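Observations on the three-dimensional arrangement
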Amino acid sequence: HWVSPCLLAWRPPAAILGKIGLDGASSTPCLSIPVPMGCTLGPLVAADSYVVNDTWEYGKTEATRVKRVLPCIEHQLSVGLRLEETGELVAWAVGDHPYGAIGKVFTVEAHRRKGYSAVVCAALTKLVQSDALGEQPRCAAPFCFIVADNAASLSLFKDRLGYIEAEP
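This write-up is about the structure you can find in this document. (Residues numbered from 1 in each chain as written. Predicted model: local features only at pLDDT ≥ 70, side-chain atom pairs only at ≥ 80, totals over all residues. Heavy atoms only, no water.)

**Overview of unusual backbone geometry**
Peptide bonds are mostly trans, and most non-glycine residues show a negative phi. At K104, a position not held by glycine, the phi torsion is positive, near 50°. Following the sequence through the fold, K104 ends up in strand β5 (residues 102-107). Of note, R113 is a non-glycine position whose phi angle comes to about 70°, a positive value. Assignment of secondary structure puts R113 in the loop between β5 and α4 (116-132). (Helix = DSSP H or I, 4+ residues; strand = E, 2+ residues; numbered from the N terminus.)

This is the structure in structure tokens:
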């Protein structure tokens, strides 16, 4: 029996969610992170499943790409940040479950420490919340699971985006 190492669930506080409109606009500073100059933000496409799978800690095999990564990209919400000049995908976040979990967050090593993960996670938080409030929602609310010793993710979601630990 496998037990997930993701023991901590995090979610944006109600005060933040209340400020996100149906169009995804936010007056909350932590969710109003601008897209960096020279980059574009948009949904992931099926071809991106290869790089997402190759960088995902639980991926790496063709079976996980086909069974776990590709369906998320094709059927869930996702956000990717690309360099305008080359089209290179440099950061992404994927809606990992049909109920709103944000997961598979990654920034290509050469582009780290530029705030790119915050950009894609803030954008995906707004998309998930807007979807949850829509007429035919596929998401319940934005949240994420974070492994207890993942300092980078804790810093991103807790300190940068204002997520709080969900009650058990």
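The discussion continues.
**Focus on the packing of aromatic side chains**
Each aromatic ring pair is described using two quantities: the centre-to-centre distance and the angle formed by the ring planes. Tallied over the full model, the rule gives four aromatic pairs. Ring centres of F157 and Y163 lie 5.0 Å apart, and the angle between their planes is 70°; on these two criteria the pair is classed as edge-to-face. The residues F157 and Y163 share a single accessibility class, namely buried. Across the ring face of W56, the terminal group of K104 is positioned such that the distance to the ring centre comes to 4.1 Å. Its guanidinium or amino end placed over the ring of F106, R112 lies 5.0 Å from that ring's centre, counting from NZ or CZ. (Phe/Tyr/Trp six-rings, centres within 6.5 Å; stacked < 30°, edge-to-face > 60°. Buried < 20%, exposed > 50% of the residue type's maximum accessible area, 1.4 Å probe, protein only. Lys NZ or Arg CZ within 6 Å of the ring centre and 35° of its normal.)

**Some words on the packing of α4 against helix α5 (residues 151-160)**
Contact pair α4 / α5: the axes reach a minimum separation of 11 Å and the direction vectors enclose 60°. One finds that α4 runs oblique with respect to α5. Of the two possible hands of crossing, α4 and α5 adopt the one that is right-handed. Taking contact as the criterion, the partners of S117, A118 and C121 in α4 are, on α5, L156, F157 and R160. Taken together, the residues of the contact of α4 with α5 sort by class into four nonpolar, one polar and one charged. (Axes fitted to C-alpha atoms, helices over the stretch in contact; angles between N-to-C directions. Parallel < 35°, antiparallel > 145°, perpendicular 65-115°, else oblique. Left-handed = near helix turned anticlockwise from the far one by under 90°. Contact = heavy atoms within 4.5 Å. Nonpolar A, V, L, I, M, F, W, Y, C, P; charged D, E, K, R; others polar.)

**So, the environment of T125**
Mapping T125 onto the fold places it in helix α4. In this view, T125 contacts P12, L31, I102, P142 and Y163; residues no more than four positions away in its chain are not counted.

**Considerations on the layout of surface pockets**
Counted as a void, the largest pocket has a volume near 1200 Å³. Along its surface, the largest pocket is lined by 40 residues, and K104, V105, F106, N150 and S153 are the ones closest to its centre. Elements supplying a minimum of two residues to the lining of the largest pocket: α2 (49-55), β5, α4, β6 (144-146) and α5. Considering only residue class, the lining of the largest pocket consists of 20 nonpolar, 11 polar and nine charged. (1 Å grid on protein atoms, 1.4 Å probe; cavity = no way out; pocket = protein on both sides within 12 Å on 5 of 7 lines; lining within 4 Å. Points joined across faces, edges and corners; volume = space filled by probe spheres on them.)

**A few points about the state of the cysteines**
Where two cysteines share a covalent bond between their sulfur atoms, that bond is called a disulfide. One pass over the structure, following the stated rule, counts zero disulfides. In this model C121 remains outside any disulfide bridge; the closest cysteine sulfur is found in C144, 7.7 Å from its own. (Disulfide = S-S within 2.5 Å.)

**Thoughts on the sheet that holds β5**
Strand pairing within a sheet occurs via backbone hydrogen bonds; the two strands may be parallel or antiparallel. Pairing is antiparallel across the open sheet formed by four strands, whose spatial order is β2-β3-β4-β5. Two strands in the sheet have a free side with no partner beyond their single neighbour: β2 (39-42) and β5. Averaged over all pairs of adjacent strands, the angle between strand axes in this sheet comes to 10°, irrespective of strand direction. Where strand β4 (residues 89-95) lies against β5, four bridges are found, and the strand directions are antiparallel. Residue pairing across strands places A91 opposite T107, the latter belonging to β5. (Pairing = 2+ DSSP bridges.)

**What about the nonpolar core?**
The biggest cluster of nonpolar side chains holds 29 residues, and the ones touching the most others in it are L81, I102, C121, F157 and L161. The biggest single contributor to this core is α4, with nine residues. Not counting residues up to four positions away in its chain, the partners in contact with I102 are A93, V94, C121, L124, T125, P142, F143, C144, F157 and Y163. Listed in part, the nine residues of the second largest apolar core include L44, V52, I73 and L89. (Core = buried A, V, L, I, M, F, W, Y, C linked by side-chain atoms within 4.5 Å.)

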